[in-house]
Amino acid sequence: DAGVTQSPTHLIKTRGQQVTLRCSPKSGHDTVSWYQQALGQGPQFIFQYYEEEERQRGNFPDRFSGHQFPNYSSELNVNALLLGDSALYLCASSPRREREGWQFFGPGTRLTVL
Amino acid sequence: AQSVTQLDSHVSVSEGTPVLLRCNYSSSYSPSLFWYVQHPNKGLQLLLKYTSAATLVKGINGFEAEFKKSETSFHLTKPSAHMSDAAEYFCVVSDFADKLIFGTGTRLQVFP
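Residues numbered from 1 in each chain as written. Chains lettered and ligands numbered in written order. Predicted model: local features only at pLDDT ≥ 70, side-chain atom pairs only at ≥ 80, totals over all residues. Heavy atoms only, no water.

**Topic: the overall build of chain A**
Argument step 1. Across its full length, chain A carries 0 helices and 11 strands.
Argument step 2. Start at the N end of chain A and walk to the C end: the helices and strands fall as β-β-β-β-β-β-β-β-β-β-β.
Argument step 3. For chain A, the proportion of its 114 residues judged to be buried stands at 52%.
Argument step 4. Taking all contacts inside chain A whose residues are at least 6 apart in sequence as the whole, residues at least 24 apart take part in 54%.
Argument step 5. Entry remark: accessible area of chain A is about 5400 Å², with carbon and sulfur atoms responsible for 47%. (Helix = DSSP H or I, 4+ residues; strand = E, 2+ residues; numbered from the N terminus. Buried < 20%, exposed > 50% of the residue type's maximum accessible area, 1.4 Å probe, protein only. Contact = heavy atoms within 4.5 Å. Areas by Shrake-Rupley, 256 points an atom, 1.4 Å probe, with all protein chains shown as cover.)

Here you go:
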């Protein structure tokens, strides 16, 4: 079992560009959450997907959007990139049926906006 | 609303001495609480979880945490630190809809 995988590992973009990050959940997990971790801070919740729908959203602007596919994999899209979007983006997966709250994290995608 | 407060941003210990990382929580109902560890350039790993069962929770790598409702605390401990324990530790609370709310983190340094 490969666990949660994310791609790419690193990404460099310039202001105003758009970016797509990808995530494959751990086998048997059907819920995917995305978090943003700025340097020196704890992760902040962006949104969560289950059954291909956004179920919850954190305090992030509409420039952040996502998608979940039938195989439970997910994408995070960020439009009109700002310097402040530079961060580690973490994907986490969990099995909806357990509802104990814990989530299994991937290694993250490091996004740098110049 | 749920929140967690990690009382120390940095903790330094010598190898072989006890570790104590402090966390207080705020929740309007019985919370689910977790400790995660993040090693440099790596993802977050679940150390242990409390989900209203036993108040003393045992995790991986010899870590434990005790849920104290009267003190609204969930401190992480380990009897004897190893060099490999040096990392960033996050206290986390889950809201009713499974959104994880992270503390600001405690950086643990272990000296030989």
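Right, picking up where we left off after that structure.
**Quick look at the interface of chain B and chain A**
Argument step 1. On the chain A side, the residues contacting the 21 residues of chain B number 20 residues.
Argument step 2. Carbon and sulfur atoms make up 49% of the area that chain B and chain A hide from each other, which totals about 1600 Å².
Argument step 3. Considering only the side of chain B, the residues that lose the most area to chain A are B:L44, B:D98 and B:K99, jointly responsible for 32% of the buried surface there.
Argument step 4. Applying the counting criterion to the chain B and chain A interface returns 0 salt bridges.
Argument step 5. Joining chain B to chain A, the criterion identifies 3 residue pairs in polar contact (both at pLDDT 80 or more).
Argument step 6. Where the side of chain B that touches chain A is concerned, the elements lending two or more residues are strand 5 (32-38), strand 6 (44-50), strand 10 (87-94) and strand 11 (100-102) of chain B.
Argument step 7. A per-element tally of the side of chain B that touches chain A places strand 5 of chain B first, with 4 residues. (Buried area = accessible area lost by both parts, 1.4 Å probe. Salt bridge = Lys/Arg side-chain N within 4 Å of Asp/Glu carboxyl O. Polar contact = N/O pair within 3.5 Å; in protein donor to acceptor, adjacent residues only side chain to side chain.)

**What about the nonpolar core?**
Argument step 1. Of all hydrophobic cores here, the largest spans 26 residues; its most connected members are B:W35, B:L48, B:L76 and B:Y89.
Argument step 2. With residues near it in sequence (within four places) discarded, B:L76 still touches B:V19, B:L20, B:L21, B:W35, B:L47, B:L48, B:F63, B:E64, B:A65 and B:Y89.
Argument step 3. Core analysis: the next-biggest nonpolar cluster, separate from the first, contains 20 residues, A:L11, A:V19, A:L76 and A:C91 among them. (Core = buried A, V, L, I, M, F, W, Y, C linked by side-chain atoms within 4.5 Å.)

**Comments concerning the sheet that holds strand 3 (residues 19-24) of chain A**
Residue and element names in this part refer to chain A.
Argument step 1. A sheet is described by the order of its strands in space; here 4 strands give the open sequence 1-3-8-7, paired in antiparallel fashion. At either margin of the open sheet sits one strand with a lone partner, and together these are strand 1 (5-7) and strand 7 (64-68). Neighbour-to-neighbour, the strand axes of this sheet turn through a mean angle of 20 degrees, independent of strand direction.
Argument step 2. Sheet topology note: the strand 7/strand 8 (residues 74-78) ladder contains 5 bridges and is antiparallel. Among the inter-strand pairings, Q68 is bridged to a residue of strand 8, identified as S74. (Pairing = 2+ DSSP bridges. Axes fitted to C-alpha atoms, helices over the stretch in contact; angles between N-to-C directions.)

**Focus: the side chain of A:Q6**
Residues and elements named next belong to chain A.
Argument step 1. Among the structural elements, Q6 can be located in strand 1.
Argument step 2. Overall, Q6 belongs to the buried group, its relative accessible area being 10%.
Argument step 3. Among the polar contacts listed, one links the side chain of Q6 to the backbone nitrogen of C91, at a separation of 3.0 Å.
Argument step 4. One polar contact links the side chain of Q6 to the main-chain amide nitrogen of G108, over a distance of 2.9 Å.
Argument step 5. If near-sequence neighbours (up to four positions away) are discounted, Q6 is found in contact with R22, C23, W34, Y89, L90, C91, G106, P107, G108 and T109.

**What about the state of the cysteines?**
Two cysteines form a disulfide when their sulfur atoms are joined by a covalent bond.
All names here are of chain B.
Argument step 1. Scanning all chains against the criterion turns up 2 disulfides over all chains.
Argument step 2. Across the disulfide, C23 is cross-linked to C91 (sulfur-sulfur distance 2.0 Å). Across the S-S bond of C23 and C91 the torsion is about -65 degrees, and the bridge reads as left-handed. Remark: C91 occurs in strand 10 and C23 occurs in strand 4 (residues 23-26); sequence separation between them is 68 residues. (Disulfide = S-S within 2.5 Å.)

**Overview of the packing of aromatic side chains**
Argument step 1. One pass over the full model with this rule turns up 14 aromatic pairs over all chains.
Argument step 2. For the ring pair A:F60 and A:F64, a centre distance of 5.1 Å and an interplane angle of 65 degrees mean the geometry is edge-to-face.
Argument step 3. Geometrically, the ring pair formed by B:Y50 and B:F74 is tilted, given 6.3 Å between the ring centres and 50 degrees between the ring planes. Highlighted residues: B:Y50 in strand 6 and B:F74 in strand 9 (residues 73-78), separated in sequence by 24 residues.
Argument step 4. When its relative accessible area of 5% is taken as the criterion, B:Y50 is described as buried.
Argument step 5. Here the aromatic cluster, defined as three or more aromatic residues joined through ring pairs, consists of A:Y35, A:F45, A:F105, B:F34, B:Y36, B:F90 and B:F102. (Phe/Tyr/Trp six-rings, centres within 6.5 Å; stacked < 30°, edge-to-face > 60°.)

**Some details on the side chain of A:Q37**
Argument step 1. With respect to the helices, strands and loops of the structure, A:Q37 is situated in strand 4 (residues 31-37).
Argument step 2. Those residues in contact with A:Q37, other than ones at most four positions away along the chain, are A:G42, A:P43, A:A87, A:L88, A:L90, B:Q38 and B:F90.

Geometry only, nothing functional implied.
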